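Coordinate inspection notes
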Amino acid sequence: MIEKDHPGGRVSDGVFKYEPGQLPVTLEEEGVVADDRHVELHRGLKARHITMIAIGGAIGTGLIIGTGSALEKAGPGAILISYSFVGFIVYLVMCALGEMAAWLPLPSGFTGYAVRFCDPALGFALGWTYWFKYIIVTPNQLTAGALVISFWIDRDRVNAGVWITVFLVLIVSINYFGVRFFGEFEFWLSSFKVIVIIGLILLSFILMLGGGPDHDRKGFRYWKDPGAFNTYIDDGAPGRFYAFWATMVTATFAYLGTELVGVTVGEAQNPRKTIPRAIKLTFYRILFFYVLSVFLLGTLVPYNSDELVFANNASSSASASPFVVAIKLSGIPVLPHIINACILAFVFSAANSDLYIATRTIYGLAREGKAPSFLARTDSRGVPVYALGLCALFALLAYMNVSSDSKTVFGYFVNLVTIFGLLTWISILVTHIFFVRARKAQNVPTTSMAYTAPLGVAGSYGALVFCIIISLTKNYDVFTHNPKWGDFDYKTFITAYLGIPLYIILIFGYKIVTKCKTVDPYTADLWSGKDEIDREEQEYLARKAAEHGELNGRNWFYRTFVSWLF
């Protein structure tokens, strides 16, 4: 019998046992403040809300617009490989997150897991870098919305600041009305996004088989001429590899945001079931929406198309979408305007969910004592109003883009967002590795887990290696000294890699100030708050059992034939 004391319980035979009435020293760190009045979120997100927020976060302008630049740069074969590979990495990240979220759905999300299972300093750095990402992305999405409208109304006629103001007021209002309203709104908006993508995939398939006005059966013609792989920076095999690796970065940017479902766990009903389900289905969504889309796109648009070059030099509107290029090449009129309206809905949904995630992230940091405590205050509907107000103020950065000169500066901010997103994935994977170590050290049986990652810790290690490689080579082209590409681009270099030293400074700065230590797997707190979640789950299941029979047939149809996609 091996026993030793630990704040809040004892470790007996390698198993941490939580003693009632005892509070862990790190309770504040783990997302529970001493006075929990007016700081609690409400579990108002239903299963369908969670699943649609998950897929909505994975479908954005990166897919419907960003694939054009990747296709022009690398060719159809390269983007098919890169989007498939990065999609598999994203799936591994989501599985790692799902295992922890299903065990203990913390209101502070994955920052709370980093604090509990790995190192408080990692939780601090992860929380702040994730917040940085979303306070930059939100105003960028607002600006993109104004640019989309410029497809119809020229910026000289109506100033972009007018549209930015309209969008900002709308998304702040939607977030202010409570999580139930937000969840319902995002459910229908994300459903619309899914329908649009399905429509574009079907249209692309029909055009590929010659069903367009030109009746041209394209098939795999463009895979042969001009070819499946383009060159970038250099010629021959090195150039094809450079092009392929450049699309790895593009694919990563397109997938950023998939992990946002981990932030919703504090407001999810029956999270033990809804979170794993949303994450497990991510694999099929990636396969259907991303891989199939880029595959069909590569059959419709040659990478050397003049229309594609024009699209990639255009603003973020329908003219920048490779799907619109495919439609133009097939001779279909009017449809570009419809696609532009759909893109506007995509951008608005992204801005809405980005503000939500920014608000919940700074709220979680405040709950952990890593941000001013007033940001953890919520109103009677469970909305962290002060956190929402702060994030809305940062959204005012969108007005920088009213000046054409500041677009370039803000483009650098977007470059910074990508590295923050990669650092988030790295942090989640590291935390999962430590979580698995802790539950093995404390003899937590796998059978007691609501969900486990299919590839286990090996999958997290593999994904971690590739995320680190992509992070370090994210903007490798700034190091190439080819006369065709000009001199060293120090501005791009700074914005591309500034996130890495900032992340390291946050980790070690926090460790120096607080003198915190890496969590011992034998004493990692796997249990605090779990009994409360178990009780909430039982109450929820009992309530649903009482409502048994209502819409049962329709629910069966939805679960069997529809839910895997939605």
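Computed from a predicted model, the values in this text were never measured in an experiment. (Residues numbered from 1 in each chain as written. Predicted model: local features only at pLDDT ≥ 70, side-chain atom pairs only at ≥ 80, totals over all residues. Heavy atoms only, no water.)

The next thing to look at is a nonpolar patch on the surface. Taken together, the side chains of Phe 479, Phe 488, Tyr 490, Phe 493, Ile 494 and Leu 498 define a hydrophobic patch exposed on the protein surface, amounting to about 550 Å² of accessible area. Its location among the elements puts Phe 488 in the loop between helix H18 (456-472) and helix H19 (490-497). (Patch = residues over 30% accessible without salt bridge, like charges linked within 9 Å, V, L, I, M, F, W, Y side chains within 5 Å. Areas by Shrake-Rupley, 256 points an atom, 1.4 Å probe, with all protein chains shown as cover. Salt bridge = Lys/Arg side-chain N within 4 Å of Asp/Glu carboxyl O. Helix = DSSP H or I, 4+ residues; strand = E, 2+ residues; numbered from the N terminus.)

Before going further, it helps to examine the pattern of salt bridges. Side chains carrying opposite charge are able to pair once their charged atoms draw close together. A complete count under the given rule lists four salt bridges for this structure. A salt bridge links Arg 439 to Glu 99; the shortest N-O distance between them is 3.0 Å. Of this pair, Arg 439 sits in helix H17 (residues 405-441) while Glu 99 sits in helix H4 (residues 76-103), and the two are 340 residues apart along the sequence. For the pair Arg 439 and Glu 99, a shared accessibility class is recorded, and that class is buried. Of the charged contacts in the structure, one is a salt bridge between Asp 525 and Arg 116, with a shortest N-O distance of 4.0 Å. (Buried < 20%, exposed > 50% of the residue type's maximum accessible area, 1.4 Å probe, protein only.)

A few words now on the nonpolar core. Counting 150 residues, the largest nonpolar core has Tyr 83, Tyr 113, Trp 128, Leu 142, Tyr 255, Ile 362 and Trp 425 as the members making the most contacts within it. For this core, the element with the highest residue contribution is helix H15 (residues 335-367), accounting for 18 residues. (Core = buried A, V, L, I, M, F, W, Y, C linked by side-chain atoms within 4.5 Å.)

Attention shifts here to the environment of Phe 205. Within the secondary structure, Phe 205 sits in helix H8 (residues 179-208). Along the backbone, Phe 205 and Leu 292 are 87 residues apart, and their C-alpha atoms lie at a distance of 9.8 Å.

Here we take up the packing of helix H12 (residues 282-300) against helix H14 (residues 322-329). In the contact formed by H12 and H14, the axes pass within 10 Å of each other and the chain directions differ by 35°. Considering only the axes of H12 and H14, their crossing is left-handed. Across from Ser 293, Leu 297 and Leu 300 in H12, the residues of H14 making contact are Pro 322, Phe 323, Ala 326 and Leu 329. (Axes fitted to C-alpha atoms, helices over the stretch in contact; angles between N-to-C directions. Left-handed = near helix turned anticlockwise from the far one by under 90°. Contact = heavy atoms within 4.5 Å.)

Further remarks concern the environment of Thr 231. Mapped onto the secondary structure, Thr 231 falls in the loop between helix H9 (221-227) and helix H10 (236-255). Among the residues examined, Thr 231 registers a relative accessible area of 30% and is labelled partly exposed. When sequence neighbours within four positions are dropped, the list of residues in contact with Thr 231 reads Lys 73, Gly 236, Gly 239, Arg 240 and Ala 243.

We now examine the environment of Thr 452. Positionally, Thr 452 belongs in the loop between H17 and H18. On the basis of relative accessible area, Thr 452 is assigned to the partly exposed category, the value being 28%. Placed 349 residues apart in sequence, Thr 452 and Trp 103 show a C-alpha to C-alpha distance of 9.2 Å. Ignoring any residue separated from it by four or fewer positions in sequence, one finds Thr 452 in contact with Glu 99, Arg 439 and Thr 446.

A few words on the confidence of the model for the protein chain. Averaged over every residue, the pLDDT of the protein chain is 78; residues scoring 70 or more account for 77%. Taking the mean pLDDT of every element in the protein chain, the minimum, 42, falls on strand E3 (residues 15-18) and the maximum, 94, on H18. Below a pLDDT of 50 lies the segment residues 1-37, which in the model reaches 78 contacts outside its immediate sequence neighbourhood of four places, other chains included. (pLDDT = per-residue confidence, 0-100.)

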